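Listed below are the residues making up each chain.
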Amino acid sequence: MSCDWREQVDLYVDGELEPASQQAFSGHVQGCSDCATAVLEQLELKKAVRLAGKRFTAPPDLYASVRRQIHPEARATRGWSWGLVSAALILFIALGFGWYARSHSENATLAELVDLHVNMLASPNPVDVISSDKHTVKPWYQGKLPFTFNFPNPAANSPLTLIGGKVVYVQHSPGAELVYQVRLHKISVFVFQARDVSGAGSAYGSAFTVNSWQQNGLQYSVVTDASKEDAEQLRALLEEANRQ
(Lines give C-alpha, C1' and ligand atoms only; values in the text may rest on other atoms or scores of the structure.)
Protein backbone atom coordinates (compact mmCIF):
# COMPACT_ATOMS: atom_id res chain seq x y z
CA MET A 1 0.00 0.00 0.00
CA SER A 2 1.58 3.31 -1.08
CA CYS A 3 -0.69 5.74 0.80
CA ASP A 4 1.25 7.92 3.26
CA TRP A 5 -1.60 7.62 5.79
CA ARG A 6 -1.31 3.82 6.05
CA GLU A 7 0.88 3.83 9.17
CA GLN A 8 -1.79 5.75 11.09
CA VAL A 9 -4.62 3.24 10.55
CA ASP A 10 -4.02 1.38 13.84
CA LEU A 11 -3.85 4.63 15.82
CA TYR A 12 -7.01 5.89 14.13
CA VAL A 13 -9.03 2.76 14.90
CA ASP A 14 -7.88 2.82 18.54
CA GLY A 15 -8.62 6.56 18.85
CA GLU A 16 -5.02 7.37 19.77
CA LEU A 17 -4.40 10.20 17.31
CA GLU A 18 -4.52 13.83 18.33
CA PRO A 19 -8.01 15.33 17.76
CA ALA A 20 -6.88 17.33 14.72
CA SER A 21 -5.17 14.29 13.19
CA GLN A 22 -8.20 12.12 13.98
CA GLN A 23 -10.45 14.54 12.12
CA ALA A 24 -8.01 14.78 9.20
CA PHE A 25 -7.79 11.00 8.88
CA SER A 26 -11.59 10.72 9.04
CA GLY A 27 -11.82 13.01 6.02
CA HIS A 28 -9.06 11.15 4.21
CA VAL A 29 -10.49 7.64 4.71
CA GLN A 30 -13.72 8.59 2.96
CA GLY A 31 -11.83 9.27 -0.24
CA CYS A 32 -9.15 6.56 -0.04
CA SER A 33 -10.35 3.02 -0.72
CA ASP A 34 -7.04 1.51 0.45
CA CYS A 35 -7.22 3.16 3.87
CA ALA A 36 -10.94 2.45 4.17
CA THR A 37 -10.22 -1.23 3.54
CA ALA A 38 -7.39 -1.19 6.08
CA VAL A 39 -9.66 0.38 8.71
CA LEU A 40 -12.33 -2.22 8.01
CA GLU A 41 -9.76 -5.04 8.33
CA GLN A 42 -8.59 -3.70 11.70
CA LEU A 43 -12.16 -3.50 12.99
CA GLU A 44 -12.86 -7.03 11.79
CA LEU A 45 -9.74 -8.21 13.64
CA LYS A 46 -10.88 -6.49 16.84
CA LYS A 47 -14.31 -8.05 16.41
CA ALA A 48 -12.76 -11.53 16.03
CA VAL A 49 -10.78 -10.99 19.23
CA ARG A 50 -13.96 -9.97 21.08
CA LEU A 51 -15.75 -13.10 19.86
CA ALA A 52 -12.82 -15.29 20.89
CA GLY A 53 -12.91 -13.71 24.34
CA LYS A 54 -16.53 -14.79 24.71
CA ARG A 55 -15.87 -18.35 23.57
CA PHE A 56 -12.82 -19.22 25.67
CA THR A 57 -12.63 -18.99 29.47
CA ALA A 58 -10.24 -20.42 32.03
CA PRO A 59 -11.45 -23.77 33.48
CA PRO A 60 -12.12 -23.96 37.27
CA ASP A 61 -9.14 -26.31 37.84
CA LEU A 62 -6.75 -23.79 36.31
CA TYR A 63 -8.24 -20.98 38.39
CA ALA A 64 -7.85 -23.05 41.58
CA SER A 65 -4.25 -23.98 40.70
CA VAL A 66 -3.27 -20.35 40.16
CA ARG A 67 -4.95 -19.36 43.42
CA ARG A 68 -2.99 -22.01 45.34
CA GLN A 69 0.27 -20.73 43.86
CA ILE A 70 -0.55 -17.16 44.81
CA HIS A 71 -1.68 -18.07 48.34
CA PRO A 72 0.31 -21.18 49.37
CA GLU A 73 -0.06 -20.27 53.03
CA ALA A 74 -3.84 -20.68 52.97
CA ARG A 75 -5.07 -23.21 55.55
CA ALA A 76 -8.38 -24.68 56.45
CA THR A 77 -10.34 -22.63 58.99
CA ARG A 78 -13.43 -23.25 61.03
CA GLY A 79 -16.55 -24.21 59.09
CA TRP A 80 -18.60 -21.16 60.08
CA SER A 81 -15.86 -18.83 58.85
CA TRP A 82 -15.73 -20.57 55.49
CA GLY A 83 -19.52 -20.37 55.36
CA LEU A 84 -19.41 -16.58 55.71
CA VAL A 85 -16.66 -16.31 53.13
CA SER A 86 -18.57 -18.55 50.71
CA ALA A 87 -21.77 -16.56 51.15
CA ALA A 88 -19.94 -13.29 50.58
CA LEU A 89 -18.17 -14.76 47.53
CA ILE A 90 -21.45 -15.98 46.04
CA LEU A 91 -23.01 -12.54 46.54
CA PHE A 92 -19.97 -10.83 45.02
CA ILE A 93 -20.00 -13.15 42.00
CA ALA A 94 -23.74 -12.67 41.50
CA LEU A 95 -23.43 -8.88 41.59
CA GLY A 96 -20.30 -8.91 39.49
CA PHE A 97 -21.78 -11.22 36.87
CA GLY A 98 -24.89 -9.07 36.61
CA TRP A 99 -22.77 -5.97 36.01
CA TYR A 100 -20.48 -7.79 33.57
CA ALA A 101 -23.34 -9.31 31.59
CA ARG A 102 -25.01 -5.92 31.16
CA SER A 103 -21.74 -4.11 30.39
CA HIS A 104 -20.60 -6.81 27.95
CA SER A 105 -23.95 -6.84 26.16
CA GLU A 106 -23.92 -3.07 25.78
CA ASN A 107 -20.28 -3.05 24.61
CA ALA A 108 -21.06 -5.77 22.07
CA THR A 109 -24.00 -3.76 20.73
CA LEU A 110 -21.84 -0.65 20.56
CA ALA A 111 -19.15 -2.55 18.67
CA GLU A 112 -21.68 -3.90 16.16
CA LEU A 113 -23.03 -0.41 15.47
CA VAL A 114 -19.52 0.97 14.92
CA ASP A 115 -18.78 -1.96 12.59
CA LEU A 116 -21.93 -1.18 10.59
CA HIS A 117 -20.96 2.49 10.37
CA VAL A 118 -17.45 1.63 9.10
CA ASN A 119 -18.91 -0.84 6.60
CA MET A 120 -21.10 1.99 5.32
CA LEU A 121 -18.08 4.31 4.99
CA ALA A 122 -16.09 1.68 3.09
CA SER A 123 -18.94 0.56 0.83
CA PRO A 124 -19.31 1.89 -2.73
CA ASN A 125 -23.09 1.66 -2.13
CA PRO A 126 -23.57 3.00 1.43
CA VAL A 127 -27.40 3.10 1.27
CA ASP A 128 -30.19 1.15 -0.45
CA VAL A 129 -32.50 4.12 -0.97
CA ILE A 130 -30.79 7.32 -2.09
CA SER A 131 -32.61 10.56 -1.40
CA SER A 132 -32.25 13.78 0.58
CA ASP A 133 -36.05 13.91 0.94
CA LYS A 134 -37.33 12.27 4.12
CA HIS A 135 -40.74 11.89 2.47
CA THR A 136 -39.08 9.50 0.02
CA VAL A 137 -36.90 7.59 2.50
CA LYS A 138 -39.50 7.11 5.26
CA PRO A 139 -42.11 5.35 3.06
CA TRP A 140 -39.35 3.04 1.76
CA TYR A 141 -39.14 1.45 5.23
CA GLN A 142 -42.83 0.54 5.30
CA GLY A 143 -43.20 -3.26 5.38
CA LYS A 144 -39.49 -3.69 6.05
CA LEU A 145 -39.53 -2.83 9.76
CA PRO A 146 -42.01 -3.69 12.55
CA PHE A 147 -42.05 -0.08 13.79
CA THR A 148 -42.13 3.51 12.56
CA PHE A 149 -40.36 6.69 13.63
CA ASN A 150 -40.10 10.31 12.58
CA PHE A 151 -37.13 11.85 10.81
CA PRO A 152 -35.35 14.91 12.22
CA ASN A 153 -36.11 18.35 10.86
CA PRO A 154 -32.85 20.29 10.36
CA ALA A 155 -33.10 24.03 9.77
CA ALA A 156 -32.78 25.30 6.22
CA ASN A 157 -29.22 26.52 6.87
CA SER A 158 -28.15 23.37 8.77
CA PRO A 159 -25.05 21.51 7.50
CA LEU A 160 -26.91 18.21 8.06
CA THR A 161 -28.06 16.58 4.81
CA LEU A 162 -29.88 13.26 4.47
CA ILE A 163 -28.17 10.87 2.04
CA GLY A 164 -30.52 7.89 2.33
CA GLY A 165 -31.08 4.72 4.33
CA LYS A 166 -31.06 0.95 4.48
CA VAL A 167 -32.14 -1.97 6.67
CA VAL A 168 -29.48 -3.45 8.98
CA TYR A 169 -29.44 -6.19 11.60
CA VAL A 170 -28.05 -6.18 15.16
CA GLN A 171 -28.45 -9.22 17.42
CA HIS A 172 -30.58 -10.76 14.63
CA SER A 173 -33.12 -7.91 14.87
CA PRO A 174 -33.97 -5.58 11.95
CA GLY A 175 -33.45 -1.87 12.24
CA ALA A 176 -32.96 1.28 10.19
CA GLU A 177 -29.69 2.97 9.35
CA LEU A 178 -30.10 6.54 8.14
CA VAL A 179 -27.02 8.22 6.70
CA TYR A 180 -26.45 11.96 6.96
CA GLN A 181 -23.68 14.17 5.63
CA VAL A 182 -22.27 16.97 7.78
CA ARG A 183 -19.50 18.89 6.03
CA LEU A 184 -16.80 16.26 5.23
CA HIS A 185 -18.18 13.60 7.57
CA LYS A 186 -20.99 11.06 7.57
CA ILE A 187 -23.31 10.21 10.44
CA SER A 188 -25.19 6.93 10.89
CA VAL A 189 -28.48 6.98 12.78
CA PHE A 190 -29.56 3.51 13.92
CA VAL A 191 -33.12 2.82 15.09
CA PHE A 192 -34.20 -0.50 16.65
CA GLN A 193 -36.94 -1.71 18.94
CA ALA A 194 -35.69 -1.21 22.50
CA ARG A 195 -36.51 -4.78 23.52
CA ASP A 196 -34.25 -6.14 20.77
CA VAL A 197 -31.06 -4.23 21.62
CA SER A 198 -29.71 -2.72 24.81
CA GLY A 199 -27.48 0.14 25.86
CA ALA A 200 -27.84 3.87 26.34
CA GLY A 201 -25.39 6.68 26.92
CA SER A 202 -22.57 8.46 25.15
CA ALA A 203 -18.98 7.57 24.28
CA TYR A 204 -16.48 10.16 23.11
CA GLY A 205 -12.76 10.29 22.54
CA SER A 206 -12.28 7.15 20.44
CA ALA A 207 -12.26 6.99 16.65
CA PHE A 208 -16.04 7.47 16.70
CA THR A 209 -18.62 9.33 18.71
CA VAL A 210 -21.53 7.12 19.80
CA ASN A 211 -24.67 8.62 21.33
CA SER A 212 -27.47 6.21 22.30
CA TRP A 213 -30.81 6.64 24.06
CA GLN A 214 -34.27 5.10 24.31
CA GLN A 215 -37.49 6.91 23.49
CA ASN A 216 -41.08 5.67 23.00
CA GLY A 217 -40.02 2.01 22.96
CA LEU A 218 -37.27 2.52 20.38
CA GLN A 219 -33.49 2.63 20.75
CA TYR A 220 -31.68 5.37 18.83
CA SER A 221 -27.92 5.48 18.26
CA VAL A 222 -25.90 8.15 16.48
CA VAL A 223 -22.46 6.99 15.29
CA THR A 224 -20.01 9.29 13.55
CA ASP A 225 -16.42 10.41 13.24
CA ALA A 226 -17.62 14.01 13.19
CA SER A 227 -17.55 16.16 16.33
CA LYS A 228 -19.61 15.33 19.40
CA GLU A 229 -21.40 18.67 18.91
CA ASP A 230 -22.69 17.46 15.53
CA ALA A 231 -23.78 14.15 17.08
CA GLU A 232 -25.59 15.91 19.93
CA GLN A 233 -27.29 18.32 17.53
CA LEU A 234 -28.68 15.43 15.48
CA ARG A 235 -29.76 13.65 18.67
CA ALA A 236 -31.66 16.74 19.82
CA LEU A 237 -33.45 16.94 16.44
CA LEU A 238 -34.38 13.24 16.58
CA GLU A 239 -35.70 13.55 20.14
CA GLU A 240 -37.80 16.55 19.19
CA ALA A 241 -39.21 14.88 16.08
CA ASN A 242 -40.22 11.77 18.03
CA ARG A 243 -41.54 13.47 21.18
CA GLN A 244 -45.14 12.49 21.91
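Please refer to the structure higher up on the page.
Anyway, here's the lowdown on the structure attached to this text. (Residues numbered from 1 in each chain as written. Predicted model: local features only at pLDDT ≥ 70, side-chain atom pairs only at ≥ 80, totals over all residues. Heavy atoms only, no water.)

**Details of helix H7 (residues 228-241)**
If you check H7, its first and last C-alpha atoms are 20 Å apart, about what 14 residues at 1.5 Å a residue would give, namely 20 Å. In the core, the buried residues of H7 are packed alongside strand S2 (160-170), strand S3 (173-182), strand S4 (185-193), strand S6 (209-215) and strand S7 (218-224). (Helix = DSSP H or I, 4+ residues; strand = E, 2+ residues; numbered from the N terminus. Expected span 1.5 Å × (residues − 1). Contact = heavy atoms within 4.5 Å.)

**A short note on the environment of Pro126**
Locating Pro126 in the fold gives a position in the loop between helix H5 (79-122) and strand S1 (129-130). Considering only alpha carbons, one finds Pro126 and Ile163, 37 residues apart in sequence, at a separation of 9.1 Å. Apart from the residues within four sequence positions on either side, Pro126 is in contact with Met120 and Lys166.

**With respect to the packing of aromatic side chains**
Applying the stated criterion to the full structure yields five aromatic pairs. With 5.4 Å between their ring centres and 5° between their planes, Phe149 and Phe151 make a pair best called stacked. By the ring-pair criterion, three or more aromatic residues cluster together here, those being Trp140, Tyr141, Phe147, Phe149 and Phe151. One residue, Lys144, lies across the ring of Trp140, its end atom 4.4 Å from the ring centre. (Phe/Tyr/Trp six-rings, centres within 6.5 Å; stacked < 30°, edge-to-face > 60°. Lys NZ or Arg CZ within 6 Å of the ring centre and 35° of its normal.)

Treat this as a map of the structure, not an account of what it does.
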